[in-house]
Amino acid sequence: MAQALDMIIRNGTVVSGGMESTLDVGIAAGVISQLGGSMEAGREIDATGRYVLPGGIDAHVHLTAPGTEPGSWQWVDDFEVGTRAAAAGGITCVGNMSFPRKGEQIMAGLERDMADAGANAIVDYFQHPVLLDPGDDGIEQIEAAAAAGHPSIKIFLSFRRFDRNVDGYLQAMSAAADAGVVVLVHCEDPAIMHCCGLELAEAGRDEARHFPESRPVEAERIATERAVGYCATTGATTYVVHLSSAAALDACRAGRARGLPIFVETRPIYLHLNAGRFEEPDGAKYAGAPPLRSDADRDALWAGINDGSVATVCTDHAPWTLEQKLDPTLTASTLRHGMAELETMLPVLWSEGVATGRISVARFVDVTSTQAAKLFGLYPRKGTIAPGSDADLLIWDPGEVRVVDGAAMHSNAGYSPYDGWEITGWPAVTISRGEVVSEGADVTGRPGRGRPAERSRFRRP
Ligand SMILES: [Zn+2]
């Protein structure tokens, strides 16, 4: 007698953990309970001709603002809007950057952002606290946050405050290493960027189209090499966010070859777009930090996905409206960085990567789900299709073609950097813990149904 199930996904090609096989997937109480064999349930979904993949895990989003003070950056999506875009785009778990506000401790910021997510998120979530002040209190909070289920910390080598207190940040990285906490690092050198900004301004060349010169590859390479050195010094597991250049990737690859726990994240825009975009009249809409790079850099990142030196592709979803991005008062040094990606990341990566034969379906699954689950302590509850794992699943239609229209998508940005692109491969159904939360682009999941993703501390394999 077959076990009682709530749902069966029939005849799909299941890809997970190196397996690719046509199997039925049985779900009970929000968990995958059976793979293959005889089964019955009240609800069945036919996945013939489609893939069944682990839900996307996007470990880098901005769905809470870094502050309330005037002038602080207020991106335009919150947990409800952002996770609606995520569900439509096949992402079933998001990792948010949690900024403490002025004078606030990490734990207070985390509590506020967890309550916000708990009330509003449609899919599951976790938080990375941002370490702004590595004083004694800040360092103690790293262990406190890990004990409360948040074993990661974000630091910005790109802030001028970093160079004023390298000692403190290194002590923080040592504390993170002791606590099994992953350190996320933004690698761009603030002094180089400041110098380049001054030179552009003096030369009267500080319009938006000179944005790449304001944050050159050299700034990224030097900061990345420092991060590799700090990783070697402290032993902290180091995760380089939104890496954009071949030079920075080579620095990480060399560290990995020495056995250091360095992991690389890249971001969709660095795979799909190049710096030539800034020559377009509305080029400012492509501004992210670091800037778009050359085609040689793009090729290096695709190669990195294939050879495993790029661990994850994450959105860095940090949207603004087109009006905000194209504000004519902004200069190369003051452009608003970031854009909406939660709804487009998986389809565009599939279309440009899998459909073109550049990467395999297995690599797609690894960089969009499994590796993030392993690094951030979610595995094997998430990031895989196996009995006992959460039923966070995508039924993926590799043949569906849609033209991207950001204005019709869920983000409040109202535009997409891929507007007008014909994209092949979209999620047909997104399932979160056994519940269908999106079909086509129609999101049915209720705000507040998302749960905190349970995490364990990082252990080196
Ligand atoms: Zn970010």
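Residues numbered from 1 in each chain as written. Predicted model: local features only at pLDDT ≥ 70, side-chain atom pairs only at ≥ 80, totals over all residues. Heavy atoms only, no water.

**Let's talk about the overall build of the protein**
Now for step 1: Within the protein one finds 14 helices and 17 strands.
Now for step 2: Taken against the 2.2 N^0.38 rule, which gives 23 Å for 461 residues, the C-alpha radius of gyration of the protein at 21 Å falls within 12% of a compact globule.
Now for step 3: Judged by the C-alpha coordinates and their principal axes, the protein covers about 75 × 50 × 45 Å.
Now for step 4: The burial tally for the protein puts 59% of its 461 residues in the buried class.
Now for step 5: Restricting to contacts in the protein with at least 6 residues of sequence separation, those with at least 24 account for 76%.
Now for step 6: With the model as given, the accessible surface of the protein reaches about 16,400 Å², and the carbon-plus-sulfur share is 49%. (Helix = DSSP H or I, 4+ residues; strand = E, 2+ residues; numbered from the N terminus. Rg over C-alpha atoms; globule rule 2.2 N^0.38 Å. Buried < 20%, exposed > 50% of the residue type's maximum accessible area, 1.4 Å probe, protein only. Contact = heavy atoms within 4.5 Å. Areas by Shrake-Rupley, 256 points an atom, 1.4 Å probe, with all protein chains shown as cover.)

**Points about the pattern of salt bridges**
Now for step 1: Summed over the entire model, instances satisfying the criterion amount to 31 salt bridges.
Now for step 2: Its salt-bridge partner being Lys 382, residue Asp 124 comes within 2.8 Å of it at the nearest N-O pair. Remark: Lys 382 occurs in the loop between helix H14 (361–375) and strand E14 (393–403) and Asp 124 occurs in strand E8 (residues 124–129); sequence separation between them is 258 residues.
Now for step 3: Residue Arg 381 is joined to Glu 454 by a salt bridge in which the shortest nitrogen-to-oxygen separation is 3.3 Å. Taken as a pair, Arg 381 in the loop between H14 and E14 and Glu 454 in the segment after strand E17 (442–443) lie far apart in primary sequence, 73 residues in all.
Now for step 4: For Arg 381, a relative accessible area of 37% gives the class partly exposed.
Now for step 5: The exposure class assigned to Glu 454 is exposed, which follows from its relative accessible area of 54%. (Salt bridge = Lys/Arg side-chain N within 4 Å of Asp/Glu carboxyl O.)

**Regarding empty space enclosed by the protein**
Now for step 1: Tallying each qualifying case throughout the model produces two cavities of 30 Å³ or more.
Now for step 2: Computed from the structure, the largest cavity encloses a volume of approximately 60 Å³.
Now for step 3: Looking at the largest cavity, the residues that line it are Ala 85, His 317, Ala 340, Glu 341, Leu 342, Glu 343, Thr 344, Gly 406, Met 409, Ser 411, Tyr 415 and Ser 416.
Now for step 4: Among the residues forming the lining of the largest cavity, the class breakdown is five nonpolar, five polar and two charged.
Now for step 5: One number sums up the size of the second largest cavity: a volume of about 50 Å³. (1 Å grid on protein atoms, 1.4 Å probe; cavity = no way out; pocket = protein on both sides within 12 Å on 5 of 7 lines; lining within 4 Å. Points joined across faces, edges and corners; volume = space filled by probe spheres on them. Nonpolar A, V, L, I, M, F, W, Y, C, P; charged D, E, K, R; others polar.)

**Structural notes on the side chain of Thr 92**
Now for step 1: Locating Thr 92 in the fold gives a position in strand E7 (residues 91–98).
Now for step 2: In this structure Thr 92 comes out as buried when scored by relative accessible area, which is 1%.

**So, a positive patch on the surface**
Now for step 1: A cluster of like positive charges, contributed by Lys 102, Arg 160, Arg 161 and Arg 164, occupies part of the molecular surface.
Now for step 2: Residue placement: Arg 164 occurs in helix H4 (residues 160–164). (Patch = residues over 30% accessible without salt bridge, like charges linked within 9 Å, V, L, I, M, F, W, Y side chains within 5 Å. Lys, Arg positive; Asp, Glu negative; His and termini not counted. Charge placed at Lys NZ, Arg CZ, Asp CG, Glu CD.)

**As for a negative patch on the surface**
Now for step 1: Where like charges cluster on the molecular surface, the negative patch consists of Asp 133, Asp 136, Asp 137 and Glu 140.
Now for step 2: Along the polypeptide, Asp 136 turns up in helix H3 (residues 136–147).
Now for step 3: Relative accessible area serves as the criterion here: at 59%, Asp 136 is assigned to the exposed category.

**Here we look at the sheet that holds strand E12 (residues 262–266)**
Now for step 1: If you walk across this open sheet you meet the five strands as E9-E10-E11-E12-E13, and the pairing is parallel. Two strands close off the open sheet at either side, each with one partner strand: strand E9 (152–156) and strand E13 (312–313). (Pairing = 2+ DSSP bridges.)

**Structural notes on the packing of helix H9 (residues 246–257) against helix H11 (residues 295–307)**
Now for step 1: Packing of H9 against H11 brings their axes to within 9 Å, and their N-to-C directions diverge by 30°. It follows that H9 is roughly parallel to H11 by the angle criterion. Two secondary-structure elements touch here, H9 through Ala 246, Ala 247, Leu 249 and Arg 253 and H11 through Asp 297, Ala 300, Leu 301, Gly 304 and Asp 307.
Now for step 2: Across the contact of H9 with H11, the residue classes break down as five nonpolar, one polar and three charged. (Axes fitted to C-alpha atoms, helices over the stretch in contact; angles between N-to-C directions. Parallel < 35°, antiparallel > 145°, perpendicular 65-115°, else oblique.)

**Things to note about the domain arrangement of the protein**
Now for step 1: The domain boundaries assigned to the protein delineate domain 1 (4–53 + 385–400 + 419–443) and domain 2 (56–375).
Now for step 2: Taken over C-alpha atoms, the centre of domain 1 sits 29 Å from the centre of domain 2.
Now for step 3: Summed over both partners, the interface of domain 1 with domain 2 comes to about 1,900 Å²; 70% of that surface belongs to carbon and sulfur atoms.
Now for step 4: By the criterion of area lost to domain 2, the three top residues of domain 1 are Trp 396, Trp 421 and Val 443, representing 27% of everything that side buries.
Now for step 5: At the surface where domain 1 touches domain 2, the tally comes to one salt bridge. (Domains from an automatic or database assignment. Buried area = accessible area lost by both parts, 1.4 Å probe.)

**With respect to the side chain of Thr 368**
Now for step 1: Within the secondary structure layout, Thr 368 lies in helix H14.
Now for step 2: Assessed through its relative accessible area of 3%, Thr 368 is described here as buried.
Now for step 3: Apart from the residues within four sequence positions on either side, Thr 368 is in contact with Gly 56, Ile 57, Leu 346 and Leu 349.

**Re unusual backbone geometry**
Now for step 1: With omega at 0°, the peptide bond leading from Ala 289 into Pro 290 counts as cis.
Now for step 2: Of note, Pro 290 is situated in the loop between helix H10 (268–272) and H11.
Now for step 3: Of note, the bond from Tyr 379 into Pro 380 is cis; its omega dihedral lies within 30 degrees of zero at 5°.
Now for step 4: Locating Pro 380 in the fold gives a position in the loop between H14 and E14.
Now for step 5: Although it is not a glycine, His 242 adopts a positive phi angle of roughly 30°.
Now for step 6: By secondary structure assignment, the location of His 242 is in the loop between strand E11 (238–240) and H9.
Now for step 7: The phi torsion at Arg 433 lies on the positive side, around 45°, for a residue other than glycine.
Now for step 8: If you trace the backbone, Arg 433 turns up in the loop between strand E15 (422–432) and strand E16 (435–439).

**Digging into the nonpolar core**
Now for step 1: In this structure, Leu 53, Val 94, Ile 155 and Phe 364 are the most contacted members of the largest nonpolar core, which totals 96 residues.
Now for step 2: For this core, the two domains that each supply at least three residues are domain 1 (4–53 + 385–400 + 419–443) and domain 2 (56–375).
Now for step 3: Those residues in contact with Ile 155, other than ones at most four positions away along the chain, are Leu 131, Phe 162, Tyr 169, Met 173, Val 183, Leu 184, Val 185 and His 186.
Now for step 4: In this structure, Val 130, Ala 372, Phe 376 and Ala 453 belong to the second largest nonpolar core, which totals 25 residues. (Core = buried A, V, L, I, M, F, W, Y, C linked by side-chain atoms within 4.5 Å.)

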